[in-house]
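Tertiary structure, described
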Amino acid sequence: MSAKGFVRNFPPLNILTEEQVQQIHRAALDILETTGIRVESERARKICETGGCKVDRENNRVRFPPGLVVESLRKCPSSFHMSALDPNNDIIVGGNVTYMSLFAGLRTVDLNTWETKIPTTKDQDDACKIADGLEFVYASTSYTPYSELSDEPPAMMLPVTTCSRLKHFSKISRVGTTMGSHVFEIQMAQALGVDIYGAFECQPPLTWAEDASDCGIACAEAGFPVEPGCAGSMGGAHPVTIAGALVTAIAEVMSATVLVQLVRPGNPIIVNAFDFPQNMRTGDFNFGAIGGYLFAAGWNQFWRTTYGIPIMNGTPGPTNSKSIDFQCGYEKALGVLICCLSGANIINYVGGLTAELVYHPVQSVLDNDVAGYVGRFLEGIKVDDETLAVDLIEETGPIPGFYLNKAHTRKWWKMEQFLPYAADMLTYTEWMRTGKKGALELAKERADYLLKSWESKLPPGKEEELNKILEECRRWYEKTGRI
Amino acid sequence: MAALDKLVQAIRDYDVDGSKNWAIKTLAEGADPIKALESVSGAMKEIGDLFGAGELWLPDLIGAADAAMAGLAIIEEAVLKSGKQAKRLGTVVIGTVFGDIHSIGKTMVAALLTANGFKVVDIGTNVPHDQFVQAIKENNANILAMSAILTTTAPEQLKVIKALKEAGLRDKVKIMVGGAAITTEFAKSIGADGYRATAPEAVELAKIFAPA
């Protein structure tokens, strides 16, 4: 039985006309045919060449014929099933269903001083355990929750964090992609008999690093879904205009999809782009900026209305704010709403705070609540004889009639209302009496509770198997000088 | 308006072709190439001050730097031919470390350093540590600037520093590091001399590093 996710029961938000979508489509195909992609890997270049692309080895440029691109995209399934460690957390990706996923942060943060702290592997494990208990989270990106660990060398970051998630987070994980870690991460997933999806992160503009295409190829060969993605700064690595950024991002992800389909026709794909306006003072990303959400809405509409390929967004994961405050609240919440309304299927949202610098489990609890809040909106208004309640209305009549004591109310109120886990819903008097706790305090309590109540879902013997693969990875990195 | 004034205006207008053409005309009019260099530096300082005051933004800074570099390429050739010595703040070798092909940050820093009076040797991306050492030797560089965007490639910066020590060059260069994966603590832990988060700040640090 798979997780229900949030089912959107009304038409998605479209912000482009059909003609605009086709203009973007044609432009992306033109770019792939005339400019092409810089492909660092000879293995990837050979696959593309055999598949019908033009390869210029002098400058590692691969050009993609439009017919091949369109044919490849049409091979992608419009939905697919993924098996998690706990079958109740299986997901069906695609269509009008949205699942929330963890975002990532380099470090954690002190909730009093808002200064970052480098986490330990125990912090990593604990964050995974808390996330495992979050009701509306069903997946995770890679290098998550943390990507800098004080008690592990940087090269081990990916395999260590994947191993931690597979042990402590019984939901779907992404793997990859630097330094060939995906080889061992795939083995870990296969040891557990779970599905993962593989990162194929294009480097904007218009470039595949060798690690990225290697991971995409390996995951496809292993039969796992692949996430071709890109992360451009609009005005830096992508054009500053949102339309131009869409063209470039779509071209990049289309090209990666072609490679995956050449390796394994019909392989599941979920397309992702993580574009933000460039901060024109610092050169960094303007995380949380509305331009990023215009991009996301356009991205979602494009893929939904052209090829129907499942879609991922990561835009509402990070915020520019350095603390859990009003700015963090509005940047992330408005953003995840836009992503949901415009039809994303997996949203890397939960737990991210400052830029890609910080993740915090307390933020993950708060984001889980926002996810539930937005998810309730997506479900819409159920209209049928029972919910119209005409008979009940007639029976109840005018004052002194009321509804609180009716069976109809007892049956329906929990389905109609959303109850957050960490929001203040008390009366003012009760709030004063119980310590004036706000959402942050309540989220801390909830995080503590989720940590204490976590139970492992690993079958016997599997933890040892995962540890063995992790140590093989460590020895390989030592042998090859990465550690 | 003399050609030199028009060269300065071309930089203010972010006009790359204009800068090149007015540089040629400036020299044809017999202007002292050293004075021309100083005028270009003056224009960049003006742009930099306006950026610092919040009146201009990164696209303006980089646009002006690109225009300045186009003019400088012409003028520096003339300085070389004249046998005179151009005043340079220093020689910088800059690159992105091995395993990392990100280039935008590095390219921005390189452009701004050039426009601000440094000789810059940009050795590109995905650069193995021994090539950094080689470039420093060949160019007699006194500043090394390294970029790393990924957490997993940041340790390459330490490899470069170790290689410089082994080559007996560590004391001859000031090392600055940057990139999304880099922090002040990391820079300190690997023995770098400084870290800055943005390209304009990197230029200010290079000016501090510049030999007197």
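Everything in this summary refers to the structure shown in the same document. What you are looking at is a predicted structure, and each value in this text was computed from that prediction instead of being measured.

Regarding the overall build of chain A
When helices and strands are tallied, chain A shows 17 helices and 19 strands. Over its C-alpha atoms chain A spans a radius of gyration of 23 Å, differing by no more than 12% from the 23 Å that the globule rule assigns to 483 residues. When its C-alpha atoms are laid out on the principal axes, chain A stretches across 85 × 55 × 50 Å. Here chain A holds 483 residues, and the buried ones make up 54% of them. For chain A, long-range pairs separated by at least 24 residues make up 73% of all intrachain contacts whose partners lie at least 6 apart in sequence.

Quick word on the environment of Leu-85 of chain A
All names here are of chain A. Along the chain, Leu-85 turns up in the loop between strand S5 (79-82) and strand S6 (91-94). Taking C-alpha positions, Leu-85 is 31 Å from Ala-439, a pair spaced 354 residues apart along the chain. Ignoring sequence-local partners within four residues, the contact set of Leu-85 consists of Ser-170, Leu-192, Val-194 and Lys-457.

A closer look at the sheet that holds strand S2 (residues 37-39) of chain A
Residue and element names in this part refer to chain A. The four strands are arranged S3-S4-S2-S13 in an open sheet whose pairing can be described as mixed. For this open sheet the edge positions go to strand S3 (54-56) and strand S13 (207-208), each flanked by a neighbour on one side alone. The sheet contact formed by S2 and S13 spans two bridges and is parallel. Along S13, the bridge assignment pairs Arg-38 with Thr-207.

Remarks on the pairing of strand S19 (residues 346-350) of chain A
All names here are of chain A. Among the five residues in S19, five count as buried, and that is most of the element. With four bridges joining them, strand S7 (residues 97-102) and S19 adopt parallel strand pairing. By the bridge assignment for S19, Met-100 is matched with Ile-347. Sheet topology note: the strand S18 (residues 311-313)/S19 ladder contains two bridges and is parallel. Each residue of the ladder has a partner; that of Met-312, found in S19, is Ile-346. Handedness of the S18-helix H10 (residues 326-341)-S19 crossover: right-handed.

Reading guide: rules and limits
Residues numbered from 1 in each chain as written. Chains lettered and ligands numbered in written order. Predicted model: local features only at pLDDT ≥ 70, side-chain atom pairs only at ≥ 80, totals over all residues. Helix = DSSP H or I, 4+ residues; strand = E, 2+ residues; numbered from the N terminus. Rg over C-alpha atoms; globule rule 2.2 N^0.38 Å. Buried ≥ 20, exposed ≤ 12 C-beta atoms within 10 Å, placed from the backbone. Contact = placed C-beta atoms within 7 Å. Pairing = 2+ DSSP bridges. Right-handed = clockwise from strand over helix to strand, strands pointing away.

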